[in-house]
Amino acid sequence: MFKGFIRLQSHCRGAISVCKVCPRHQHFRGSRKYSSALAERKRFYQDVSISQGEGGLYEVNLDRRKLRTPSGTLFTVPNEALAIAVATEWDAQKDTIKFYTMHLTTLCNTALDNPTQRNKEQMISAALKFLETDTVCYRVDEPPGLVELQKNEWDPVLHWIENRYNVTIGSSSSILGPEIPEETKDTFRQHLSSYTLWSLTGLEFVIAQLKSLVLSVGMIDRHLSVEQAVLLSRLEEEYQIQHWGNVEWAHDYDMYELRARTAAGALFVHLSSESSTIKHKLMQD
């Protein structure tokens, strides 16, 4: 039995409006094909909506047909905020649906289907392994300019997270990297245990983009902006570009894509942790 239903209707595919409509118990099965990261297909729906079903979970509907994951599971999310974000992602598609741009949808699919069949403890252990090879912990011996740049830009972030969590991480120019104390790992393990399985899915996605648990936590904790975290993760590459140049359009595209993925992952962490139902309101351009 639906407790409520919100409709997000496109007007000239620009603005989105919210109004009450009657729920339909139709199932959308065509979404199984969007599992390919490079897939595109013609837009086949007009309206995108969300509805609240049994257990307080929210569903996303395309022309009132229920969205499903690639494995056929009913697409449900834990709160209204995340449901609206995913629905907006679908509504923003134009004549062609570009699934590879729909990061929130992909992360929800991953959390729902759990294709790697891992539990929470296994996901935490995987995240902690990145600490041993963290981008900001590996330093170069030369050239002097890059050595100084890493010290000036990375050390403040390391000092912040060490003070914030009362841990020791350190850095090293050795190929083996710094030796992370077990106490530090235990502290982060306890901290990550407060994350839900959904939030861990988002965090793992962010870590994969930045190649850094330190930068990811700094961004999730709002110490760093997305732009700062991305730039810090590419510090050596940006240094080389300043000295040797680059193919400008390719560099800009890579930066845009990395920022988009990182921002989506951070947003997913925060939205999947949201426990309260947000107020219904009109969303316009």
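Data block above holds the structure.
Residues numbered from 1 in each chain as written. Predicted model: local features only at pLDDT ≥ 70, side-chain atom pairs only at ≥ 80, totals over all residues. Heavy atoms only, no water.

1. Here we look at the environment of T110
Working step 1: Along the chain, T110 falls in helix α2 (residues 103–113).
Working step 2: Spatially, the C-alpha atoms of T110 and T69 are 8.7 Å apart, while their sequence positions differ by 41 residues.
Working step 3: With residues near it in sequence (within four places) discarded, T110 still touches P115 and T201. (Helix = DSSP H or I, 4+ residues; strand = E, 2+ residues; numbered from the N terminus. Contact = heavy atoms within 4.5 Å.)

2. Let's talk about the packing of aromatic side chains
Working step 1: In total, this model carries five aromatic pairs according to the counting rule given.
Working step 2: Residues W198 and F268 carry aromatic rings whose centres are separated by 6.0 Å and whose planes lie at 15° to one another, so their mutual orientation is stacked. Here W198 is found in helix α6 (residues 197–210), whereas its partner F268 is found in helix α10 (residues 248–272), with 70 residues between them in sequence. Neither residue differs from the other here; W198 and F268 are each classed as buried.
Working step 3: Grouping aromatic residues by their ring pairs yields a cluster made of F44, Y45, W90 and F99.
Working step 4: Positioned above the aromatic ring of Y165 is the side chain of R164, whose terminal nitrogen or guanidinium carbon lies 4.7 Å from the ring centre. (Phe/Tyr/Trp six-rings, centres within 6.5 Å; stacked < 30°, edge-to-face > 60°. Buried < 20%, exposed > 50% of the residue type's maximum accessible area, 1.4 Å probe, protein only. Lys NZ or Arg CZ within 6 Å of the ring centre and 35° of its normal.)

3. Quick word on the pairing of strand β6 (residues 58–62)
Working step 1: Taken across its five residues, β6 has five buried, putting it largely inside the fold.
Working step 2: With burial as the criterion, each face of β6 is covered, one bearing Y58, V60 and L62 and the other bearing E59 and N61.
Working step 3: Hairpin connection of strand β5 (residues 48–52) to β6: five residues between the antiparallel strands, including G55 at a positive phi of 80°.
Working step 4: The pairing of β6 with strand β8 (residues 76–77) spans two bridges and is classified as antiparallel. Pairing of Y58 across the sheet is with V77, part of β8.
Working step 5: Linkage of β6 to strand β7 (residues 65–66), two consecutive antiparallel strands, is achieved through a turn of two residues, within which D63 is found at a positive phi near 50°. (Pairing = 2+ DSSP bridges.)

4. Description of the pairing of β5
Working step 1: Burial analysis of β5 places five of its five residues in the buried class, the great majority of the element.
Working step 2: Side chains V48, I50 and Q52 of β5 all project onto a buried face; the interleaved residues S49 and S51 project onto the opposite face, where all are buried too.
Working step 3: As paired elements, β5 and β6 share five bridges and run antiparallel to each other. In the strand pairing of β6, I50 is matched with V60.

5. Comments concerning the nonpolar core
Working step 1: Counting 40 residues, the largest nonpolar core has I161, I169, F188, L192, L203 and V214 as the members making the most contacts within it.
Working step 2: Elements represented by at least two residues in this core include exactly α3 (120–129), α4 (144–165), α5 (182–192), α6, α7 (213–220), α8 (226–233) and α10.
Working step 3: Those residues in contact with F188, other than ones at most four positions away along the chain, are L128, L131, I161, Y165, V167 and I169.
Working step 4: Judged by nonpolar contacts, the second largest core, of 29 residues, contains V48, V60, I97 and F268. (Core = buried A, V, L, I, M, F, W, Y, C linked by side-chain atoms within 4.5 Å.)

That is the geometry; function is a separate question.
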